Amino acid sequence: MRLASLSDSPDAFSTTYEEANRRSLDSWTEQANSTAEGIDRVTALAFYNDEPVGIGALYRDAQERGAGEVVQFWVDPDHRGGPIAGKLITWISKWAETHDYNRLIAWVNKDNERAIKFYQKFGFTFTDMRQPFRNGADIVSCLMVKLLSGESDPVRGSDKY
């Protein structure tokens, strides 16, 4: 799923297909195991007719234990616009709430209108934070945040970027 997402949407992820494809099987296994247990990481797969069609992960911020970053979020092109992505982000949000997260963050390519609208639909708002998307790229990423369990806004957010 990860390689399919990187191949399909290279400007949606800071990792490139080539970088990920060079990883060893042990590295992939270690990553899968680290997200299968515990409360600091989770990777969720979405299935349609027993076929994987979506992926999303949440990694707890080491410095700010209540924050988790949504990463590797992707849905197969044949299933975009349907319920898969919404179910996936809803599941991740509920999992986060039950594991003591108070907010979710996501870095989104500022030109990815579809992703921006999706995250906004599910309660994410823009902050003032920006960063380069990837070394050597002219793309800018914007930080979006979603508060969980009635938390107050720790980072000024808006609906504009």
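About the criteria used
- Residues numbered from 1 in each chain as written.
- Predicted model: local features only at pLDDT ≥ 70, side-chain atom pairs only at ≥ 80, totals over all residues.
- Heavy atoms only, no water.
- Phe/Tyr/Trp six-rings, centres within 6.5 Å; stacked < 30°, edge-to-face > 60°.
- Helix = DSSP H or I, 4+ residues; strand = E, 2+ residues; numbered from the N terminus.
- Buried < 20%, exposed > 50% of the residue type's maximum accessible area, 1.4 Å probe, protein only.
- Polar contact = N/O pair within 3.5 Å; in protein donor to acceptor, adjacent residues only side chain to side chain.
- Core = buried A, V, L, I, M, F, W, Y, C linked by side-chain atoms within 4.5 Å.
- Contact = heavy atoms within 4.5 Å.
- Salt bridge = Lys/Arg side-chain N within 4 Å of Asp/Glu carboxyl O.

S.K.: Please provide a residue-by-residue account of the packing of aromatic side chains, values included.
M.R.: If you walk through the whole model with that rule in mind, you get six aromatic pairs. Ring centres of Phe-73 and Tyr-119 lie 6.2 Å apart, and the angle between their planes is 55 degrees; on these two criteria the pair is classed as tilted. Here Tyr-119 lies in helix H5 (residues 113-121) and Phe-73 lies in strand E3 (residues 67-75), a separation of 46 residues in the sequence. Taking the relative accessible area as the measure of exposure, Phe-73 reaches 14% and is therefore buried.

S.K.: Describe the side chain of Thr-127, with residues and values.
M.R.: Counting through the fold element by element, Thr-127 comes out in strand E5 (residues 125-132). A distance of 3.1 Å separates the side chain of Thr-127 from the backbone nitrogen of Met-129, its partner in a polar contact.

S.K.: Tell me what's going on with the nonpolar core, and back it up with residues and numbers.
M.R.: Within soluble globular proteins, side chains that are nonpolar generally end up buried alongside one another. Counting residues in hydrophobic clusters, the biggest one holds 28 residues, and the most contacted among them are Leu-58, Val-70, Phe-73, Tyr-119 and Phe-124. Of all the secondary structure elements, the ones that give two or more residues to this core are strand E1 (41-48), strand E2 (51-60), E3, helix H4 (84-98), strand E4 (103-109), H5 and strand E6 (140-147). Not counting chain neighbours up to four residues away, the residues in contact with Leu-58 comprise Asp-40, Arg-41, Val-42, Gly-68, Glu-69, Val-70, Ile-92, Trp-95, Ala-96, Tyr-101 and Leu-104. Residues Leu-6, Phe-13, Ile-55 and Trp-74 belong to the second largest nonpolar core, which totals five residues.

S.K.: Quick rundown of the pattern of salt bridges? Include the residues and the values.
M.R.: Enumeration over the complete set of coordinates arrives at five salt bridges. Asp-40 serves as the salt-bridge partner of Arg-60, at 2.6 Å between the closest nitrogen and oxygen. Here Arg-60 is found in strand E2, whereas its partner Asp-40 is found in the loop between helix H3 (25-36) and E1, with 20 residues between them in sequence. Across the salt bridge formed by Arg-103 and Glu-64, the nearest N and O atoms sit 2.8 Å from each other. Pair noted here: Arg-103 is in strand E4 and Glu-64 is in the loop between E2 and E3, with a separation of 39 residues, a long-range link. With relative accessibility at 7%, the residue Arg-103 sits in the buried group.

S.K.: An account of the environment of Gln-72 is needed here, citing residue identities and associated values.
M.R.: In this structure, Gln-72 sits in strand E3. As for Gln-72 and Gly-56, which are separated by 16 residues in sequence, their C-alpha atoms are 5.2 Å apart. Those residues in contact with Gln-72 that lie beyond four places of it in its chain are Arg-2, Phe-13, Gln-31, Ile-55, Gly-56, Ala-57 and Tyr-59. Engagement of the side chain of Gln-72 in a polar contact is seen with the side chain of Tyr-59, the distance being 3.4 Å.

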